[in-house]
Amino acid sequence: MPYKGDMTPRRDAKWWGWGDTAIEPTLDDQALAVLRERIGELEPWPLSRSLEEVELPAAEPLPQTLIAAVGEENVFRGDEDRLRHATGRGYVDLARLRNGALTAAPDAVVVPTGAEALRRAIEVCTAEGVAIVPFGGGTSVVGGVEPLRGPHERLISLDLGALQEVEVDRRSLTARLGAGLRGPEAEAALAGEGLTLGHFPQSFEYATIGGFAATRSAGQASSGYGRFDALVSSVRLLTPAGEISTLATPHTAAGPSLRELAIGSEGVLGVIPEVTVRVRPAPSVRRYEAWMAESFEAGTEIVRGMAQAPGLPTVIRVSDEEETEGTLALSGPRGLGGRLFDGYLGVRGRRGGALTIVGFEGEEESVARRRALAVRALRAGGAAYLGQAAGRSWEHGRYRGPYLRDTLMGRGAMVETLETSHTWSRFGELHQAVAGAIRSSLDGQGTPGLVFCHLSHAYADGASLYFTFISRARRGAELEQWAGGQARRLRGDRRPRRHDHPPPRRRPRPRPLHGGRGGSDGTGAASLRQGAARPRRDHEPGQARAVTGAAVIREEATTPPERLRSFR
Ligand SMILES: Cc1cc2nc3c(=O)[nH]c(=O)nc-3n(C[C@H](O)[C@H](O)[C@H](O)COP(=O)(O)OP(=O)(O)OC[C@H]3O[C@@H](n4cnc5c(N)ncnc54)[C@H](O)[C@@H]3O)c2cc1C
């Protein structure tokens, strides 16, 4: 497929929030009453400025050599494009945009029209000392696309949206995909060949192939299809020092792996123009269903059993009791349907249980086989079947969560998420520890919150935990509230508690890829030393150390010594 004709940066999503401007879910009276009861009275938080009114810092002029290298028509200096490339889509980003207060923006957005133009742009930026921030879909929640200049006077956002190439090797079941393809664009191109990539993170609709690779993304169906890193067959990385192109081979015995260096590098080492991924035939059957486990503990035990045997479902997630209750209260069935549902849970003795979603995708025979195994495990573990309608409703609403975040913020709420993982032996303990740390931090700030969690991906040796918390935003001090909660936990300056907990991880501050001047030694290798990015999501069990952080745990003076040892 040729490169797309339209080389302008995309402007099709809300500039201040998530996604399609036409989608703005509302909260009904029941949901508002629950929020009022659990987190207190909220003060509306409207957008304080229109797009045109947001003031940006003045842009530094770009070197003529850069403009000549990429073509004047591919350099965008307008405020709208600079603003749209100044932040990601985490709570802090959205709070800043809502308040119309941005202190930094790229000097320009540059859209290379192909890999060769991209290579020239990196070369000139390296020579001229212009910092580069690679930009895919801009959905980063960890400050990944922030224009942090460091010692550099000039900084560009390198928008990779025009890299849209698709080349399928049907026989090997691989596809070379341009970095700028969004999730649905890649899936649509593959669907034309009867194939799927099977990577569906919640940000699927706007995030890109390059972004998935740069962040080692995990999708909602990763238990079945594998995380993005497992889907990468080979990758190209253009760096200030030259190009890395890994071997397109199913496996190599040579190490260390350059592929591993490139994926997860968060734009710090270089720019990924394309990724060759493993694809598979599009599923002919998709079956989603919901169950109610007796408790989160019982539900996670069922999943452990499934994950340690062959035939894991494609999607498996178990909400803890608070998330289950909150989900039903905020968006569960209403009226007669709600009463019938509640009555059914009562009859089955599963009120207060843990909502469990299982999804199966594949050929009929494979779905039937895996479902039979799952049903046996769910029944043996005491889960009650809720039917396909509830499962389908989860499937259809799987990309709606971020829209609801905008609605909640507009009502005056702080909404944040974080993800971690651990081995099965310490899984329950980590769940309690992180939920407890979030709760006590919110309580300590006088803004008690709802703290939801679900098991989102399962592996033979452990699973990941995805936390969402909602509390009243401290209007006028939203960023201080967010940062204050982090600082309190990181300093450990709260009063000692008997069961002290590891905190959620800090927001990492990836630094931009930069050219040779202005603080680096001009070799390009300097950018390697700058690699400060920490990926947000830990999906490999045993990586909890990155979440808890040894330094943090040492400061938690009241943590029992045996816990200290295990979390380090
Ligand atoms: C509502 C919401 C839901 C999310 N759900 C998930 C989820 O389910 N699973 C998950 O893993 N993540 C999730 N994320 C996080 C985010 O969407 C992912 O990290 C995604 O992979 C980022 O892709 P992107 O194209 O938007 O990258 P960007 O946000 O544009 O960039 C992310 C980082 O990668 C770098 N980068 C981007 N493209 C390239 C490239 N071609 N070459 C080199 N560096 C590059 C950037 O410089 C930046 O450091 C979610 C985010 C939001 C806002």
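Note: the structure precedes this text.
About the criteria used
Residues numbered from 1 in each chain as written. Predicted model: local features only at pLDDT ≥ 70, side-chain atom pairs only at ≥ 80, totals over all residues. Heavy atoms only, no water. Pairing = 2+ DSSP bridges. Helix = DSSP H or I, 4+ residues; strand = E, 2+ residues; numbered from the N terminus. Axes fitted to C-alpha atoms, helices over the stretch in contact; angles between N-to-C directions. Parallel < 35°, antiparallel > 145°, perpendicular 65-115°, else oblique. Left-handed = near helix turned anticlockwise from the far one by under 90°. Contact = heavy atoms within 4.5 Å. Nonpolar A, V, L, I, M, F, W, Y, C, P; charged D, E, K, R; others polar. Near = heavy atom within 4 Å. Polar contact = N/O pair within 3.5 Å; in protein donor to acceptor, adjacent residues only side chain to side chain. Areas by Shrake-Rupley, 256 points an atom, 1.4 Å probe, with all protein chains shown as cover.

Visitor: Is there a simple way to think about the sheet that holds strand 9 (residues 242–245) in this case?
Guide: Spatial ordering of the open sheet is given by 5-6-10-8-9, a layout of five strands whose pairing is antiparallel. Of all the strands in the sheet, the pair left with one neighbour each is strand 5 (166–169) and strand 9. Averaged over all pairs of adjacent strands, the angle between their axes in this sheet comes to 10°, without regard to strand direction. Where strand 8 (residues 232–239) and strand 9 come together, four bridges link them in antiparallel fashion. When the sheet's bridge partners are listed, Leu237 is paired in strand 9 with Ile244.

Visitor: In this structure, what is going on with the packing of helix 4 (residues 91–98) against helix 16 (residues 401–411)? I would like to understand it.
Guide: Two packed helices can be described by the angle between their axes and the distance between those axes. Across the interface, helix 4 lies against helix 16 with an axial gap of 12 Å and an inter-helix angle of 50°. The angle between helix 4 and helix 16 places the two elements in the oblique class. Like other packed secondary-structure pairs, helix 4 and helix 16 cross with a definite hand, here right-handed. The residues of helix 16 that touch helix 4, namely those facing Tyr91, Leu94, Ala95 and Arg98, are Arg405, Asp406, Met409 and Gly410. Tallied by class, residues from the contact of helix 4 with helix 16 come to four nonpolar, one polar and three charged.

Visitor: Explain the sheet that holds strand 18 (residues 462–472) to me, please; I cannot follow it from the model alone.
Guide: One key point about sheets: their strands pair by backbone hydrogen bonds, in either a parallel or an antiparallel sense. Reading across from one edge, 15-12-14-13-17-18-16 is the order of the seven strands in this open sheet, with antiparallel pairing throughout. Two strands bound the open sheet, and with one partner strand each, they are strand 15 (384–387) and strand 16 (413–423). The mean inter-strand angle of the sheet, taken between neighbouring strand axes irrespective of direction, is 20°. Bridging between strand 13 (residues 315–319) and strand 17 (residues 449–459) involves two bridges; their strand directions are antiparallel. Looking at the pairing, Ser319 lines up with His454 of strand 17.

Visitor: Can you help me understand the site of the ligand in this one?
Guide: Around the ligand, 34 residues are found, and the nearest of them are Pro134, Thr139, Ser203, Thr208 and Ala218. Contacts to the ligand include Gly136, whose backbone N or O atom sits 2.7 Å from an oxygen atom. Residue Ser140 places a main-chain N or O atom 2.8 Å away from an oxygen atom belonging to the ligand. Coverage of the ligand by the protein chains reaches 96% of its 960 Å² of free accessible surface. Among the secondary structure elements, those contributing two or more residues to the shell around the ligand are strand 3 (130–135), helix 7 (209–215) and helix 16. Here the element with the most residues in the shell around the ligand is helix 7; it accounts for five residues. Considered class by class, the residues forming the shell around the ligand number 15 nonpolar, 15 polar and four charged.

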